Amino acid sequence: MAEVGKYVITTILWFQFVTIPLIAVVMLSTAINSEIHQRTLGVLMTTPISSVQVVVGKLLSKLLQLILLLGISLPILSIVRVFGGVPWDYVISGLCITLTAAVFAGSISLLLSIYSRDAHSVIVWTILICFLLYVAPPGVFALLRTLYGVVGVDAVFPYINPLVALSIHTGQMLAPSSVGSGMIWPVHCAIMLGGSAFLLAVSTVSVRRVGLRQATGETG
């Protein structure tokens, strides 16, 4: 039963890790462009609402639904964990890594929605960027390590790549003796939130610039 509990919880957490950021990308793909092309962003700039409040409000209003979805799964994970074999640290870290990955992906989608009218273009570009950030670098360095013996870079990936972070954490839970020293997952989450904050800051500047142009009657 302990082994069954391990693989059930692992399956649930990985399913959430794939779907929650993807849903965040889709939900935020029209976060700003709808305001821009309906020319309501300039009206917002004439109110006491600041560009920071517009950007953060758009992000949090969409992510709140995803946080509720993660919260709903927590009782199920707690029940399955009764079987044994799964530490609370893995459950909590898996949810936190998934949430910060969703925030980061959603921040990319929100930023791209300022510059693109079409939601499907934003979704495609965001998925492509996430693929280049999450999948391509580990694959390239794994190839370099195999062919040329390049080492020393792998230690950085768990702190900047949620895919690698969750993979290592899952491996440590399933087979502790086969995996080396563990990563500090709160540091990874803090770095991901820092990257999201930077993207939101860029979005805030862009929204303010576009909103002021619309408020002053400029076209285009």
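On a predicted model such as this, the values are computed, not experimentally measured, just so you know.

What counts, and where the lines are drawn
- The residue numbering used here restarts from 1 in each chain and proceeds along that chain's sequence as written.
- Confidence filtering applies because this is a predicted model: local features only for residues at pLDDT of at least 70, side-chain atom pairs given and counted only at 80 or more, and all residues used for totals across whole chains, interfaces and linings.
- For the side-chain quantities, the full set of heavy atoms in the structure was used; hydrogens and water were omitted.
- Where helices and strands are cited, they refer to DSSP runs of H or I of at least four residues and of E of at least two residues respectively, numbered from the N terminus.
- Exposed residues in this analysis have more than 50% of their type's maximum accessible area, buried residues have under 20%, and partly exposed residues fall in between, with area computed by a 1.4 Å probe over protein chains only.
- It only takes one pair of heavy atoms within 4.5 Å for two residues to be counted as in contact.
- Note that accessible areas follow from Shrake-Rupley with a 1.4 Å probe, and for residues the cover is restricted to the protein chains shown.
- Put simply, a salt bridge is a Lys or Arg side-chain nitrogen that is within 4 Å of an Asp or Glu carboxyl oxygen.
- Definition used in this section: a nonpolar core is a set of buried Ala, Val, Leu, Ile, Met, Phe, Trp, Tyr and Cys residues joined via side-chain atoms within 4.5 Å.
- The convention used is that axes are lines fitted to C-alpha atoms, helices contributing only their stretch in contact, and that angles between N-to-C directions extend from 0 to 180 degrees.
- In this scheme, roughly parallel covers angles under 35 degrees and roughly antiparallel covers those over 145, while 65 to 115 is roughly perpendicular and the rest are oblique.
- Basically, the charged four are Asp, Glu, Lys and Arg, the nonpolar ten are Ala, Val, Leu, Ile, Met, Phe, Trp, Tyr, Cys and Pro, and anything else, Gly included, counts as polar.
- Patch rule: a residue counts if its relative accessible area is over 30% and it has no salt bridge; like charges are joined within 9 Å, and nonpolar side chains (Val, Leu, Ile, Met, Phe, Trp, Tyr) within 5 Å.

1. Remarks on the overall build of the protein
Part 1 of the reasoning: Per the secondary structure count, the protein includes 10 helices and 0 strands.
Part 2 of the reasoning: Counted from the first residue to the last, the protein has its helices and strands arranged as α-α-α-α-α-α-α-α-α-α.
Part 3 of the reasoning: Within the protein, buried positions represent 38% of all 220 residues.
Part 4 of the reasoning: Here the analysis covers contacts within the protein between residues at least 6 apart in sequence; of these, 79% occur between residues at least 24 apart.
Part 5 of the reasoning: For the protein, the computed accessible surface area is about 11,300 Å², with 74% contributed by carbon and sulfur atoms.

2. Here we look at the pattern of salt bridges
Part 1 of the reasoning: Per the stated rule, a full pass over the model turns up 1 salt bridge.
Part 2 of the reasoning: The residue Glu35 makes a salt bridge to Lys58 at a minimum N-O spacing of 3.0 Å. A residue pair is termed long-range when its members are at least 10 positions apart, and Glu35 in helix 2 (residues 33–37) and Lys58 in helix 4 (residues 51–81) qualify at 23 residues.
Part 3 of the reasoning: Overall, Glu35 belongs to the buried group, its relative accessible area being 16%.

3. So, the nonpolar core
Nonpolar side chains in soluble globular proteins tend to end up buried together.
Part 1 of the reasoning: Ranked by internal contacts, the top residues of the largest apolar core, which has 39 residues, are Ile9, Ile32, Leu110 and Val207.
Part 2 of the reasoning: A total of 11 residues in this core trace back to one element, the largest contributor, which is helix 5 (residues 88–115).
Part 3 of the reasoning: Among the nonpolar cores identified, the runner-up in size contains 7 residues, and Phe17, Ala165, Leu166 and Cys189 belong to it.

4. Some remarks on the packing of helix 1 (residues 2–27) against helix 4
Part 1 of the reasoning: One way to put it is that helix 1 packs onto helix 4 with a least axis distance of 11 Å and a crossing angle of 175°. When the interaxial angle is binned, helix 1 and helix 4 end up roughly antiparallel. Contact residues: helix 1 offers Gly5, Val8, Ile9, Ile12, Leu13, Gln16, Ile20, Ile23, Ala24 and Met27, while helix 4 offers Lys62, Leu63, Gln65, Leu66, Leu69, Leu70, Ser73, Ile76, Leu77, Val80 and Arg81.
Part 2 of the reasoning: Residue composition of the contact of helix 1 with helix 4, grouped by class: 15 nonpolar, 4 polar and 2 charged.

5. With respect to the environment of Met45
Part 1 of the reasoning: Assignment of secondary structure puts Met45 in helix 3 (residues 41–45).
Part 2 of the reasoning: Look at Met45 and you get buried, because its relative accessible area is 15%.
Part 3 of the reasoning: For the pair formed by Met45 and Val210, sequence separation is 165 residues and the distance between their alpha carbons is 9.6 Å.
Part 4 of the reasoning: Not counting residues up to four positions away in its chain, the partners in contact with Met45 are Ser50, Ser51, Val54, Arg208, Gly211, Leu212 and Ala215.

6. A short note on the environment of Ile12
Part 1 of the reasoning: Residue position: Ile12 is located in helix 1.
Part 2 of the reasoning: Once the C-alpha coordinates of Ile12 and Leu77 are considered, the two residues, 65 residues apart in sequence, prove to be 8.2 Å apart.

7. Looking at a nonpolar patch on the surface
Part 1 of the reasoning: A contiguous nonpolar patch, built from Trp125, Leu128, Phe131, Leu132 and Val135 and spanning about 490 Å² of accessible area, is present on the exposed surface.
Part 2 of the reasoning: Here Phe131 lies in helix 6 (residues 119–134).

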